[in-house]
Amino acid sequence: MAVRARRLFGPVEVPSSTITLYLVPAGRTAIVRTLLVYNPSLTVTAFGLLAVSFTGGDILMWQTQPLPPGRSESSPGDITLNPGDALVGGSSSSTVDLIMVGMGSLLQGAPE
């Protein structure tokens, strides 16, 4: 069976407060392959802040390299998310809303 990549979320404006970018639906498994973070500002450098909130309560956090104005960063993901897991994002700047997009695969069924 072929597994196709698709856009899981975005493009979405991400403020300095964290927001849920993607929540895996019940009965599905998602594999995030690529995360794209873009800084639309003309003057401000910002970091993209990302976290995976797993249903068991564990959290995996990371941040992008400093994104100069008008630049983007793409990171290979290969993060497997189970039903109820969430991908959360935010901007390090209170004046710049970063733009984030996530690509990956959404599979039928949950792990046993």
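As a reminder, the structure under discussion sits directly above these lines.
In this report, the structure presented in the accompanying data block is examined.

Reading guide: rules and limits
- All chains use their own residue numbering, which begins from 1 and follows the written sequence.
- It should be noted that, the model being predicted, local features are given only for residues of pLDDT at least 70 and side-chain atom pairs only at 80 or more, the latter also being counted only at that level, while totals for whole chains, interfaces and linings use all residues.
- Processing note: side-chain calculations cover all non-hydrogen atoms of the structure and skip hydrogens and water entirely.
- Secondary structure elements follow DSSP: runs of H or I of four or more residues count as helices, runs of E of two or more count as strands, with numbering from the N terminus.
- Here the radius of gyration uses the C-alpha set of atoms, whereas the globule reference equals 2.2 Å times the residue count to the power 0.38.
- Burial classification: accessible surface area is computed with a 1.4 Å probe over protein chains only, and a residue below 20% of its type maximum counts as buried, one above 50% as exposed, and the rest as partly exposed.
- Here, residues are in contact when the closest pair of their heavy atoms is within 4.5 Å.
- Areas reported here follow the Shrake-Rupley algorithm with a probe of radius 1.4 Å; residue values treat only the protein chains shown as occluding.
- Residues enter a nonpolar core if they are buried and are Ala, Val, Leu, Ile, Met, Phe, Trp, Tyr or Cys, with the set joined through side-chain atoms within 4.5 Å.
- The criterion for strand pairing is that DSSP finds at least two bridges linking the strands in question.
- Here the axes come from fitting lines to C-alpha atoms, over the contacting stretch only for helices, and the angles between their N-to-C directions go from 0 to 180 degrees.
- The salt bridge definition used is simple: a Lys or Arg side-chain nitrogen within 4 Å of an Asp or Glu carboxyl oxygen.

Details of the overall build of the protein chain
The helix and strand tally for the protein chain stands at 0 helices and 8 strands. The helix and strand sequence of the protein chain, counted from the amino end, reads β-β-β-β-β-β-β-β. For 112 residues, the compact-globule formula gives about 13 Å, and the C-alpha radius of gyration of the protein chain, at 14 Å, lands near that figure. Taking the principal axes of its C-alpha atoms as reference, the protein chain extends roughly 50 × 30 × 20 Å. Of all 112 residues assigned to the protein chain, the portion counted as buried reaches 36%. For the protein chain, the proportion of contacts with a sequence separation of at least 24, taken over those separated by at least 6, is 81%. In the form shown here, the protein chain has an accessible surface area of approximately 6300 Å², with 54% of it arising from carbon and sulfur atoms.

Things to note about the nonpolar core
Phe-9, Leu-21, Tyr-22, Leu-81, Leu-87 and Met-100 are the most contacted members of the largest nonpolar core, which totals 21 residues. Listing elements by their share of this core, those giving two or more residues are strand 1 (6-14), strand 2 (19-23), strand 3 (28-38), strand 4 (48-53), strand 6 (72-81) and strand 8 (98-108). Per-element tally for this core: the top contributor is strand 3, with 4 residues. In this view, Tyr-22 contacts Leu-8, Phe-9, Ala-30, Asp-85, Ala-86, Leu-87 and Leu-106; residues no more than four positions away in its chain are not counted.

As for the sheet that holds strand 7 (residues 86-91)
As summarised here, the arrangement of the 4 strands in space is 2-7-4-5, forming an open sheet in which the pairing is antiparallel. Of all the strands in the sheet, just strand 2 and strand 5 (59-63) have a single pairing partner and so form its edges. Each strand axis lies, on average, 20 degrees off the axis of its neighbour in the sheet, ignoring direction. In terms of strand pairing, strand 4 meets strand 7 through 6 bridges, oriented antiparallel. Across the sheet, the residue bridging to Leu-50 is Gly-89, located in strand 7.

With respect to the pattern of salt bridges
Applying the stated criterion across every chain yields a total of 1 salt bridge. A salt bridge links Arg-33 to Asp-78, with the nearest nitrogen and oxygen atoms 2.9 Å apart. Remark: Asp-78 occurs in strand 6 and Arg-33 occurs in strand 3; sequence separation between them is 45 residues. Judged by its relative accessible area of 34%, Arg-33 is partly exposed. Classification of Asp-78 as exposed rests on a relative accessible area of 55%.

Concerning the environment of Leu-35
Looking at the secondary structure, you find Leu-35 in strand 3. Sequence spacing of Leu-35 and Asp-78 is 43 residues, and the spatial spacing of their C-alpha atoms is 9.8 Å. The residues contacting Leu-35, other than those within four sequence positions of it, are Phe-9, Leu-50, Trp-62, Glu-73, Ser-74, Ser-75, Leu-87, Val-101 and Gly-102.

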